[in-house]
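# Summary of structural features
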Amino acid sequence: SEPLDWRFSQTFGGKGNEDASDADVVSAIEFDQTGDFIAVGDRGGRVLLLERTHDKQSSKKSKLPEYRFYSEFQSHEPEFDYLKSLEIEEKINKIKWCPKQNDAQFLLTTNDKTIKLWKVYEKKIKQVSTSATTTGPSYNGSLASNNTRSPSHTTYIYNSSGAHNMNNNMNNSNNNNNLNNFKIPKLTTRETVVTATPRKIFQNAHAYHINSISLNSDGETYISSDDLRIHLWNLNINTECFNVVDIKPTNMEDLTEVITSAEFHPTSCNIFMYSSSKGTIKLGDLRSSALCDNHAKVFEEYEDPSNKSFFSEIISSISDIKFSRDGRYILSRDFLTLKLWDINMENKPVKTIQIHDYLKPKLCDLYENDCIFDKFECTLNHDGTQMLTGSYHNYLHIYDRNSKQDVCLEASKQATKSKTKTLTTKMKLRSSKKEPKKPEDIHPDAIEYTKKTLHCAWHPKDNLIAVGAANTVYLYAATENK
């Protein structure tokens, strides 16, 4: 099949790294289930919402999708834990959209310690209009119609008590004349504003920093994971949660690994997975036991002991994992590679894409400047044929399973052309060779390691991606080549 033609679509945020304050740096990106909204979290605890514009005039196939500002609210504030004497920063670690049930939007946001359920809705601001007056003719008309509707009734009362009925008719006519001069206040909609209110706050459950939250397919529960534990919550109950994974040893000196990410299965509400710093992915089944320390499956690739080095454990740590939408495949990202696993094959991935293979000689320098600990996210498209992850120098890699093509884009307003690298038969075997071929036009010495696209998201239906680089969000859309 023909590869997709990726084009720059839009950008939101600052002008560049030189103008970016630490509070404005993007820390989370997420599409909702429809793809009509994008939520962007930053280090300052703010959440920016973007809405897709459905313009009837833009029905052309070549028209790229457009988003506009919808709302912004402060989700988290900096806190201080007085018991542990630790500052809790306001940075948004993850954002997850809840299934839409009415006109309002619900989303979960979390920092290191506290998870919040937000309701975002359009609130009508009304005001009292004093200029509104009663419409006399219509009011009198209704009275006249009532009077003329039953003449027999009037006649009957008049015949029974004539003088008394005459006085009542005269009083009614005087009251009607007075009503014409009354000014009745009227409520009118002055404007419609988008309002965000916290519906539930889930706190005091994690002793370590929260790295993941994931909604269950049942629409009622979700999991949150920190370095050593995974908790199961009900969206309607914030007073208690259930611990489903606990890898904390009795003696902390025996600690050998930590949990790096966790996610629920997209269709099976009883299955979830979590990754570790040792490069393993473990599948848990809530039907087996309440505490899923004994995993149902473990996905781990054997490593030759002769190839181990000082950096082996660091670069094998998985930074992000994602299920494909059908639940058949698992996508994982470590520092050097992007791996696609079949849920039915545990011993090795079905595909390994080398992302940072050209950085192997630079691992010592990356260790000294802490770049080796950067956590890059990964994601898949709706049918699992396209995989996306970020890199340094604001590069992002899109791998097509069908065309075996690796597209490298630079997240920049100027650089909108893609660098395409076709994998030949010789290059398909590059993972087994000592000196794999480096991606074209990418030289390790020319890379700016301060520029990095750590966060990315894929539209649930269309070939549209959103990536965060520094304080800017870039949108890229693709069309099929003909």
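Residues numbered from 1 in each chain as written. Predicted model: local features only at pLDDT ≥ 70, side-chain atom pairs only at ≥ 80, totals over all residues. Heavy atoms only, no water.

## Here's the deal with the overall build of the chain
Stated precisely, the cut-off is as follows: Labels follow the DSSP assignment, with helices taken as runs of H or I lasting at least four residues and strands as runs of E lasting at least two, numbered in each case from the N terminus. Exposed residues in this analysis have more than 50% of their type's maximum accessible area, buried residues have under 20%, and partly exposed residues fall in between, with area computed by a 1.4 Å probe over protein chains only. We call two residues in contact when some of their heavy atoms are within 4.5 Å. Per-residue and other accessible areas were derived by the Shrake-Rupley procedure at a 1.4 Å probe size, with only the shown protein chains allowed to occlude residues.
Broken down by element type, the chain carries 6 helices and 31 strands. Looking at the 482 residues of the chain, the share that counts as buried comes to 46%. Expressed as a percentage of contacts within the chain between residues at least 6 apart in sequence, the contacts between residues at least 24 apart total 57%. Surface accessibility of the chain: about 25600 Å² in total, with carbon and sulfur atoms responsible for 48%.

## Observations concerning the sheet that holds strand β8 (residues 94-97)
For the record, the criterion: Each pair of strands is called paired provided DSSP finds at least two bridges between the two strands. Fitted lines through C-alpha atoms give the axes, limited to the stretch in contact for helices. The angle between two N-to-C directions lies from 0 to 180 degrees.
Spatially, β8-β9-β10-β11 is the arrangement adopted by the 4 strands of the open sheet, whose pairing is antiparallel. Lying at the two open borders of the sheet, with one neighbouring strand each, are β8 and β11 (186-202). For this sheet, the mean angle separating the axes of adjacent strands, direction not counted, is 25°.

## What about a nonpolar patch on the surface?
Note the following rule: Two distance rules govern patches: like charges are joined within 9 Å, and nonpolar side chains (Val, Leu, Ile, Met, Phe, Trp, Tyr) within 5 Å, applied only to residues with over 30% relative accessible area and no salt bridge. Any Lys or Arg side-chain nitrogen found within 4 Å of a carboxyl oxygen on Asp or Glu counts as a salt bridge.
A surface patch of nonpolar side chains, amounting to about 330 Å² of accessible area, comprises F310, Y367 and F373. Locating F310 in the fold gives a position in the loop between β19 (297-299) and α4 (312-316). A relative accessible area of 58% means that F310 is categorised as exposed.

## Brief notes about the environment of N463
Looking at where N463 falls in the secondary structure, it is placed in the loop between β29 (455-458) and β30 (464-469). Along the sequence, N463 and T479 sit 16 residues apart, while their C-alpha atoms lie 7.5 Å from each other. Ignoring any residue separated from it by four or fewer positions in sequence, one finds N463 in contact with L4, W6, N381, W458, Y476, A477 and A478.

## Focus: the pattern of salt bridges
One pass over the structure, following the stated rule, counts 19 salt bridges. The partner of D374 in a salt bridge is K452, with the nearest N and O atoms 2.9 Å apart. Of the two residues, D374 sits in the loop between α5 (363-368) and β24 (378-380) while K452 sits in the loop between α6 (425-428) and β29, which places them 78 residues apart along the sequence. The exposure classification of D374 matches that of K452, with both residues buried. Salt bridges sharing partners connect three or more residues here, namely D24, D42, R46 and E72.

## Section: unusual backbone geometry
Located in the positive-phi region is N204, a residue other than glycine, with phi close to 60°. Note on placement: N204 falls in the loop between β11 and β12 (212-215).

## A closer look at the sheet that holds strand β23 (residues 351-354)
The 4 strands lie next to each other as β20-β21-β22-β23, forming an open sheet whose pairing is antiparallel. Only two strands of the sheet have a single partner each, and these edge strands are β20 (320-323) and β23. Each strand axis lies, on average, 15° off the axis of its neighbour in the sheet, ignoring direction. In the sheet, strand β22 (residues 337-342) pairs with β23 via 4 bridges, with the strands oriented antiparallel. Opposite L338, over in β23, you have I353 as the bridge partner.

## Some details on the pairing of strand β21 (residues 329-333)
The buried fraction of β21 amounts to 5 of the 5 residues, a majority that puts the element mostly inside the structure. Residues of β21 alternate between two faces, with Y329, L331 and R333 on one and I330 and S332 on the opposite face, all of them buried. Bridge count for β20 against β21 is 4 bridges, and the pairing is antiparallel. When the bridges of β21 are listed, I321 appears paired with S332.

## Remarks on the packing of aromatic side chains
So the rule is basically this: Two rings from Phe, Tyr or Trp (for Trp, the six-membered ring) form a pair when their centres sit within 6.5 Å of each other. Planes less than 30 degrees apart are called stacked, planes more than 60 degrees apart edge-to-face, and all others tilted. Working rule: Lys NZ or Arg CZ, within 6 Å of ring centre, within 35 degrees of ring normal, means a charge sits over the ring.
Counted by the stated rule, this structure contains 18 aromatic pairs. On the basis of an interplanar angle of 65° and a centroid distance of 6.4 Å, the ring pair of F31 and Y67 is categorised as edge-to-face. In this pair, F31 sits in strand β2 (residues 26-31) while Y67 sits in strand β5 (residues 67-74), placing the two residues 36 residues apart along the sequence. For the pair shown, F31 and Y67 are each scored as buried. Note on F202 and W233: the rings are 5.3 Å apart at their centroids and 75° apart in plane angle, and the pair reads as edge-to-face. Of this pair, F202 sits in strand β11 while W233 sits in strand β14 (residues 229-234), and the two are 31 residues apart along the sequence. Each of the two residues, F202 as well as W233, counts as buried. Ring pairs connect the aromatic residues F335, F376, Y392 and Y449, which therefore count as one cluster. We note K119 situated over the ring of Y121; from NZ or CZ to the ring centre the distance is 4.9 Å.

## Side note on the side chain of T109
The line we're drawing: What qualifies as a polar contact is a pair of N or O atoms within 3.5 Å, subject to a donor-acceptor requirement within protein and to the restriction that residues adjacent in sequence count only when both atoms come from side chains.
For T109, the location among the structural elements is in strand β9 (residues 105-110). At a separation of 2.7 Å, a polar atom in the side chain of T109 contacts the side chain of S75. Looking at T109, its side chain comes within polar contact range of the side chain of W118, at 3.3 Å. Residues within four places of T109 in sequence aside, it is in contact with V47, S75, H76, K94, I95, T114, I115, K116 and W118.

## Here we look at the environment of E257
On the secondary structure map, E257 appears in the loop between β15 (237-246) and β16 (259-264). Exposure remark for E257: the relative accessible area of 17% places this residue in the buried category. Here the side chain of E257 touches S276 through a polar contact of 2.9 Å, side chain to side chain.

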